Amino acid sequence: KWFCIQTTNLAEKLNDKQALIGSLIHIAEVKNAPEDHEDALVDYKTAESLAIPNQYMVKLVEIKGDMGETYNLMGNYSAAGSALDEYTRLHEKLVKGMVL
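Residues numbered from 1 in each chain as written. Predicted model: local features only at pLDDT ≥ 70, side-chain atom pairs only at ≥ 80, totals over all residues. Heavy atoms only, no water.

Looking now at the nonpolar core. Core analysis: the largest hydrophobic core is formed by 21 residues, its most contacted members being Ile-21, Ile-25, Tyr-44, Ala-47, Ile-63, Met-67 and Tyr-71. Secondary structure elements with two or more residues in this core: α2 (17-32), α3 (37-54), α4 (57-74) and α5 (77-97). Tallying contributions element by element places α3 first for this core, with six residues. The contacts of Ile-25, once residues within four sequence positions are left out, are Tyr-44, Ala-47, Lys-59, Glu-62, Ile-63 and Asp-66. (Core = buried A, V, L, I, M, F, W, Y, C linked by side-chain atoms within 4.5 Å. Buried < 20%, exposed > 50% of the residue type's maximum accessible area, 1.4 Å probe, protein only. Helix = DSSP H or I, 4+ residues; strand = E, 2+ residues; numbered from the N terminus. Contact = heavy atoms within 4.5 Å.)

Written out as structure tokens, the structure is:
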């Protein structure tokens, strides 16, 4: 957890949005392990608020999937369903936009 916090601090100092989003996702994953789901959601939502305006679609898809899983672990199935529906929609949009 300490390393994730240090990475977050460094990303903020460097104003590296992608690194900051990645760091927030990792720290949320660490918080989810001991069932600190509420705090994990705060980090996921912060990452989401950075991914949307910067149009980091791959990260946004990852965040939505992780949020859905976190809500599921909390027993909030309505929120889990909404997040996972959004994950599916974004994932399909991302895949359609890829050129092979």
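Let's shift gears to the pattern of salt bridges. In the structure shown here, the tally under the stated rule is four salt bridges. Measuring nitrogen to oxygen at the nearest pair gives 2.6 Å for the salt bridge that ties Lys-64 to Glu-48. Here Lys-64 is found in helix α4, whereas its partner Glu-48 is found in helix α3, with 16 residues between them in sequence. With a relative accessible area of 13%, Lys-64 lands in the buried category. On the basis of relative accessibility, which here comes to 14%, the residue Glu-48 falls in the buried class. (Salt bridge = Lys/Arg side-chain N within 4 Å of Asp/Glu carboxyl O.)

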